[in-house]
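# Architecture and fold: a report
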Amino acid sequence: MGVAVLARRDVEHSRVYIDQLYSNDSQKCFQAVSELKFAVIGSVREKGSIIEQGVVVRLLQILRAPELDILLKTEVATVLNSLAKGLPEHAAALVQAGLLPVLWEQLESCPSGGSGSAYTQMLLCCLRSIYRQGCAPPPPAWDQKLLSSLIQHGYHPPSNQECVANILAHACKTNEQQQQLVDAGGADLVACLLCSPVSRVQLPALHCLTAMCFNNERVSSIIATKSYGGKAVPDLLVGLMARDRPRDMQLAAATALTFLHRAGALSADDPRIIYKTLQCLVRMCRRDREVWERVEAANTLAYLTEVSTDLQRTAAMTDHLIHTMNDYLKDTTPPNASVPQGISVSPVSCRQYDNPSTWPELMVGAALKVYASLGANDEDIRQRVIKTDVLMNTIVTSLSAASPPVQLAAVRCLHSLSRSVHTLRTTLQDHVVWRPLMTVLKTSNNEELVTVSSSTLCNLLLEFSPSKEQILDQGAVEFLCGLTRRPHPGLRLNAVWALMNMAFQAEHRVKVSILHHLGTDQIFRLLSDTDVHILMKTLGLLRNLLSTKGHIDQIMQCHGKEIMQAIILILEGEHSAEVKEQALCILANIADGDIAKSAIMSNEDVLKKLMNYMVIPNVKLQIAATFCISNLIWNVEEGAAERQNKLREMGVYKLLQNLMTTTDTGLFDKVKTALQQFH
Amino acid sequence: MRTNVDSDTDQSGTNEGVKAMETSEWLEETNKMHIHRADMNKLIMNYLVMEGFKEAAEKFSIEANIKPPMDLDQLDERIRIRTAIQNGQFQEAMRMVTALHPEILDDNSQLYFHLQQQVLIELIREGRVEEAVVYAQDHLAERGQRDPSILNELERTLALLAFDQPDTSPFGDLLHPSHRQKQVASELNAAILRAQNQEETTPLLAELLKLLLWAQDELNKKKVQYPYMTDLIKGQIEERK
């Protein structure tokens, strides 16, 4: 039996049918389009060739022409759909040629409720194929009318449902779009689609739901209360997470529930989260699962457990999770790997599995994120995580050698671990993590990465951290002072905080270095910062600098004038009691210095302020002020007598006597101590 | 909720070498199982509809008084396509599928490859070597480039060209018509069912048999002694030693 072979390399033949596309004879044109259809379906090369030949323009022309036959237009739409399923660059070329507005326009002109229309179906398929390639530029907001009609098409039949759900799932990217989608009835549609008997419809519906809920409190709370067929959406999701469902569906449902929880619609102790979602995700991390599944599940699990300590604890004891994550760090992917055909990974991450050589790195990143979440709050979990084989080495290598997303995962992990004092003193010494960390800080442009790194560095610089000395030698002081000038408030805060930690019980040379690199001008600027946390930490920094008698005297000798100005600035400004208390504590420290005392004593204004604070109805401020006075008059020190006389003249002694009637024991003690000093 | 214990070793079942029960007892217990006739009929109807035996389904529907799960005219297109494949008319089958469900061949490149592979095999079988090479270059080369798992199969197929008598070559199995054609026909049938939004794409009877075989396999791995079905078609049971 002979087999007829279409020799596509027959140039004559192909040129003929392409030429005929431009014919005015609709019969001939239709035949040409049909031939074109058979040529491009299934062949990536033909798709590219057709696009290169500029045929797309003619095809769009046909769609637009109102007088042309609908069968012809349907055939054209079929061709365009096939072209859109090619390589991403093919889809991009179609978008560039202006395909999208034409499709939307055509869809609008189709009678809605004409659900059986093959043309409508093909248009929707085409839109779906384009959006799935991820190359359609997201509009800032959707056209209201378009959105409504699209949603209407989504109710029937199943093939339209699948297309509409996919379009919405891939197109919904911004907060505004999420709101619009819900307001236009998108949540009701999704609830309906979740109950479809066709799994090809349910899966994109899940992706759509996830896209709507992500990071959006309002939308999530609306969706969580929707129901269909008597079942609430969260319960429907639990059903779709069951073990008899396809893997990609289980994952999508678990992700949807995760996003609902993180956006505040379901609490951490909701049984559907803590006893269902969490377990499903842990299960999908097992060694016998495919790579894409394990990576997606781990990333989602990390996000699920990022905040709640209860979830962290439960996860840490579920199914040897900590041990399973360890496997991720050592995994090797076989060379012929690929994602099985027919699997639908989420719109957000579908492209990242294209290249199997990146898979080991994806695994490492996912595992580090899970460890970072698990170890965020609980010391026991942290200790168990730290014991994990190869973890520290992986962190150190990832900090320096990996791609930015994995670097970030490594820093997050390190940050969680650095919250443990014990770890700071032990493991984080054995593995010199601060060196690659400093490199990241100095060389990275990624704001998120630098913020988390600086926060980690902050922890490493706590007093009881032995690596402090080495970090200083690396020019850390200068670098951190530079960071305090950055526009991002998170960075400024971490930098000042780190300097504050550094200054705590530090040697004189360190304090000098800080003051030198920071400069009193910058201190003033930081004290005027709009972020009150930065202000507090700056005061904390000053307080740490001005500790230990010798240091106090030396520092006040060089910078006394500016420091006093700064303190007055705070005391006179509109600040909370907490802030003022800090300022008074600094004064108290200054009052401890031998020579520095004169800076206060010679300033009548400050002395008057101190007296005011002693009688102000705020116990903490009173205590701070009294303590300061107490230091000033301490009779062991030289010149005490003169100081006491002066203060007595101003009426301080009398004030102290009045304060003896206080009911607050802390204040009472301070006052009594002060009075005892007076001769 | 099961309490999870974080131990290093999994508690594996200790059923090795266990004897399930005597064969006679087993058979007695099995005979006590009651299967409803209605369920049996549904299974048969499901098989007939899935595989595209339209006439048989129509007759069975009348005789067993059971309603078919779908309009039987919907079977026509699948029957036509399956017939084309059985007659070796692969290109014709591809065109039919594309006309009815244009997305199938774009979405299932493995299937498309198998169909094209069959065309290639036919050309080789008929000794039309030059045409075979051209066909391979025009259609299969790009697919092999993009998908490394297909490359292996492709190479085996093309290797047939090196032999004067391909059917006696080491890759001769590729030329055996029945097995391959049936595989491709089933693959295509399943793809069409999926495109028609059917949830099941293989007959439930096949799934049942697979379940039986899998269960026996699992028991064998654990070295359990039980009455073992050696012949699925005759239902012959033997004592497993």
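Residues numbered from 1 in each chain as written. Chains lettered and ligands numbered in written order. Predicted model: local features only at pLDDT ≥ 70, side-chain atom pairs only at ≥ 80, totals over all residues. Heavy atoms only, no water.

### Some words on the overall build of chain B
- Of regular secondary structure, chain B possesses 11 helices and two strands.
- Along chain B, helices and strands appear, N-terminal first, in the series α-α-α-α-α-α-α-α-α-α-α-β-β.
- Whereas a compact globule of 241 residues would reach a radius of gyration of roughly 18 Å, chain B reaches 24 Å, over 25% beyond that.
- With respect to the three principal axes, the spread of C-alpha positions in chain B is 65 × 55 × 40 Å.
- The buried share of chain B, reckoned over its 241 residues, is 38%.
- Counting only contacts in chain B whose residues sit at least 6 apart along the sequence, the fraction spanning at least 24 positions is 54%.
- Accessible surface for chain B amounts to roughly 14800 Å². Of this, 52% is attributable to carbon and sulfur atoms.
- Where the 27 positive side-chain charges of chain B centre and where its 42 negative ones centre are 4 Å apart. (Helix = DSSP H or I, 4+ residues; strand = E, 2+ residues; numbered from the N terminus. Rg over C-alpha atoms; globule rule 2.2 N^0.38 Å. Buried < 20%, exposed > 50% of the residue type's maximum accessible area, 1.4 Å probe, protein only. Contact = heavy atoms within 4.5 Å. Areas by Shrake-Rupley, 256 points an atom, 1.4 Å probe, with all protein chains shown as cover. Lys, Arg positive; Asp, Glu negative; His and termini not counted. Charge placed at Lys NZ, Arg CZ, Asp CG, Glu CD.)

### Observations regarding empty space enclosed by the protein
Residues and elements named next belong to chain A.
- Counted according to the given criterion, the structure contains three cavities of 30 Å³ or more.
- Of the voids in this model, the second largest cavity is the one considered here, and its volume is about 40 Å³.
- The wall of the second largest cavity is formed by Thr520, Ile523, Phe524, Leu542, Glu562, Ile563 and Ala566.
- Of all the secondary-structure elements, those providing two or more residues to the lining of the second largest cavity are α32 (508–527) and α34 (549–572).
- Here the residues of the lining of the second largest cavity are counted per class, giving five nonpolar, one polar and one charged. (1 Å grid on protein atoms, 1.4 Å probe; cavity = no way out; pocket = protein on both sides within 12 Å on 5 of 7 lines; lining within 4 Å. Points joined across faces, edges and corners; volume = space filled by probe spheres on them. Nonpolar A, V, L, I, M, F, W, Y, C, P; charged D, E, K, R; others polar.)

### Re the state of the cysteines
Residue and element names in this part refer to chain A.
- Summed over the entire model, instances satisfying the criterion amount to zero disulfides over all chains.
- Cysteine Cys280 is unpaired, with the sulfur of Cys285 as its nearest cysteine sulfur at 9.6 Å.
- Cys280 gets classed as buried once you look at its relative accessible area, which sits at 1%. (Disulfide = S-S within 2.5 Å.)

### A few points about the pairing of strand β1 (residues 227–231) of chain B
All names here are of chain B.
- One ladder, built from four bridges, connects β1 with strand β2 (residues 236–239); its direction is antiparallel. Bridged to Asp231 within β2 is Gln236.
- Hairpin connection of β1 to β2: four residues between the antiparallel strands, including Gly235 at a positive phi of 70°. (Pairing = 2+ DSSP bridges.)

### Regarding the confidence of the model for chain B
Residues and elements named next belong to chain B.
- For chain B, per-residue confidence averages 84 on the pLDDT scale, and residues scoring 70 or more make up 91% of the total.
- When the criterion is pLDDT under 50, residues 1–12 qualifies, and its contacts beyond four places in sequence or with other chains add up to 10 contacts.
- Across the whole predicted complex the pTM is 0.83, and at the interface the ipTM reaches 0.83. (pLDDT = per-residue confidence, 0-100.)

### Here we look at the environment of Ile623(A)
All names here are of chain A.
- Inspection of the secondary structure puts Ile623 in helix α38 (residues 619–632).
- Under the relative-accessibility criterion, Ile623 is labelled partly exposed at 23%.
- Linking Ile623 and Cys213, residues 410 residues apart in sequence, is a C-alpha distance of 50 Å.
- Beyond its immediate chain neighbours, meaning those up to four positions away, Ile623 contacts Asp664, Gly666, Leu667 and Lys670.

### A few points about the UniProt feature "domain: CTLH" (unreviewed entry) in chain B
- UniProt marks residues 74–131 of chain B with the feature "domain: CTLH" (unreviewed entry), using the numbering shown here.
- In residues 74–131 of chain B, the share of helix is 81% and the share of strand is 0%. The end C-alpha atoms are 37 Å apart. (UniProt positions renumbered as here; feature names shortened; annotations may be inferred.)

### Describing a nonpolar patch on the surface
All names here are of chain B.
- A cluster of nonpolar side chains, contributed by Tyr47, Phe53, Leu205, Leu208, Leu211 and Trp214, occupies part of the molecular surface with about 600 Å² of accessible area.
- Broken down by element, the nonpolar patch gets its largest block of residues, four residues, from helix α11 (residues 204–221).
- Relative to the helices and strands, Leu208 is located in helix α11.
- Judged by relative accessible area, Leu208 falls into the partly exposed class, the value being 44%. (Patch = residues over 30% accessible without salt bridge, like charges linked within 9 Å, V, L, I, M, F, W, Y side chains within 5 Å. Salt bridge = Lys/Arg side-chain N within 4 Å of Asp/Glu carboxyl O.)

### Examining the packing of helix α13 (residues 199–213) of chain A against helix α14 (residues 217–225) of chain A
Residue and element names in this part refer to chain A.
- Two numbers describe how α13 lies on α14: the axes approach to 8 Å, and their chain directions differ by 140°. One element, α13, and the other, α14, form an angle in the oblique class. Of the residues in α14, those touching α13 at Leu209, Met212 and Cys213 are Val219, Ser220 and Ile223.
- Tallied by class, residues from the contact of α13 with α14 come to five nonpolar, one polar and no charged. (Axes fitted to C-alpha atoms, helices over the stretch in contact; angles between N-to-C directions. Parallel < 35°, antiparallel > 145°, perpendicular 65-115°, else oblique.)

### A short note on the nonpolar core
- Within the largest apolar cluster, 241 residues are counted, with the highest numbers of intra-cluster contacts made by Leu80(A) and Ile600(A).
- Residues within four places of Leu80(A) in sequence aside, it is in contact with Val56(A), Leu59(A), Leu60(A), Leu63(A), Leu94(A), Leu99(A) and Cys126(A).
- Counting 34 residues, the second largest nonpolar core, distinct from the first, contains Ile121(B), Leu123(B), Leu160(B) and Leu175(B). (Core = buried A, V, L, I, M, F, W, Y, C linked by side-chain atoms within 4.5 Å.)

### Description of the interface of chain A and chain B
- Counting from both sides, the interface comprises 43 residues of chain A and, opposite them, 38 residues of chain B.
- The contact between chain A and chain B buries some 3300 Å² in all, and 45% of this surface belongs to carbon and sulfur atoms.
- For the interface between chain A and chain B, the tally reads five salt bridges.
- At the level of secondary structure, the elements contributing two or more residues to the side of chain A that touches chain B comprise α2 (26–40), α3 (44–52), α5 (70–84), α8 (118–132), α10 (158–171) and α13 of chain A.
- Considered class by class, the residues forming the side of chain A that touches chain B number 19 nonpolar, 13 polar and 11 charged. (Buried area = accessible area lost by both parts, 1.4 Å probe.)

### Observations concerning the environment of Gly490(A)
Residue and element names in this part refer to chain A.
- Mapping Gly490 onto the fold places it in helix α31 (residues 489–503).
- Of the residues examined, Gly490 reaches a relative accessible area of 21% and is grouped as partly exposed.
- Gly490 sits 44 residues away from Ile534 along the chain, and the two C-alpha atoms are 9.0 Å apart.

### What to know about helix α2 (residues 37–51) of chain B
Residue and element names in this part refer to chain B.
- Taking 1.5 Å of rise per residue, the 15 residues of α2 would be expected to cover 21 Å, and the 21 Å separating its terminal C-alpha atoms lies within 8% of that figure.
- Of all the residues in α2, the buried ones are Asn41, Leu43, Met45, Asn46, Leu48, Val49, Met50 and Glu51.
- Just downstream of α2, Gly52 is the residue with a positive phi angle, here 85°. (Expected span 1.5 Å × (residues − 1).)

### Focus on the pattern of salt bridges
- For the coordinates displayed, the defined rule picks out 39 salt bridges over all chains.
- When the shortest N-O distance is used, the salt bridge between Asp183(A) and Arg218(A) registers 3.1 Å. Here the residue Asp183(A) occupies a position in helix α11 (residues 175–183), and Arg218(A) occupies one in helix α14, the gap between them amounting to 35 residues.
- Linking Arg509(A) and Glu507(A) is a salt bridge whose minimum nitrogen-to-oxygen distance equals 3.0 Å.
- For Glu507(A), a relative accessible area of 44% corresponds to the partly exposed category.
- Overlapping salt bridges bring together Lys85(A), Arg128(A), Glu162(A), Glu103(B) and Asp107(B) as one network.

### Section: the packing of aromatic side chains
- This structure, assessed with the given rule, holds eight aromatic pairs over all chains.
- Summarising the aromatic geometry, the rings of Phe214(A) and Tyr303(A) are spaced 6.1 Å apart at their centres and angled 45° between planes, so their arrangement reads as tilted. Of this pair, Phe214(A) sits in the loop between α13 and α14 while Tyr303(A) sits in helix α18 (residues 291–304), and the two are 89 residues apart along the sequence.
- The exposure class assigned to Phe214(A) is partly exposed, which follows from its relative accessible area of 38%.
- Pairing Tyr653(A) with Phe678(A) gives two aromatic rings, centres 5.0 Å apart and planes at 75°, and the pair type is edge-to-face. Here the residue Tyr653(A) occupies a position in helix α40 (residues 652–659), and Phe678(A) occupies one in the segment after α41 (665–677), the gap between them amounting to 25 residues.
- Residue classification places Phe678(A) among the buried residues on the basis of a relative accessible area of 8%.
- Every member of this aromatic cluster is reached through a ring pair, and the members are Phe214(A), Phe259(A) and Tyr303(A).
- Taking the ring centre of Phe38(A) as reference, the NZ or CZ of Lys37(A) above it sits at 5.2 Å.
- For the cation-ring pair, Arg95(B) lies above Phe38(A), with the distance from its terminal atom to the ring centre recorded as 3.9 Å. (Phe/Tyr/Trp six-rings, centres within 6.5 Å; stacked < 30°, edge-to-face > 60°. Lys NZ or Arg CZ within 6 Å of the ring centre and 35° of its normal.)

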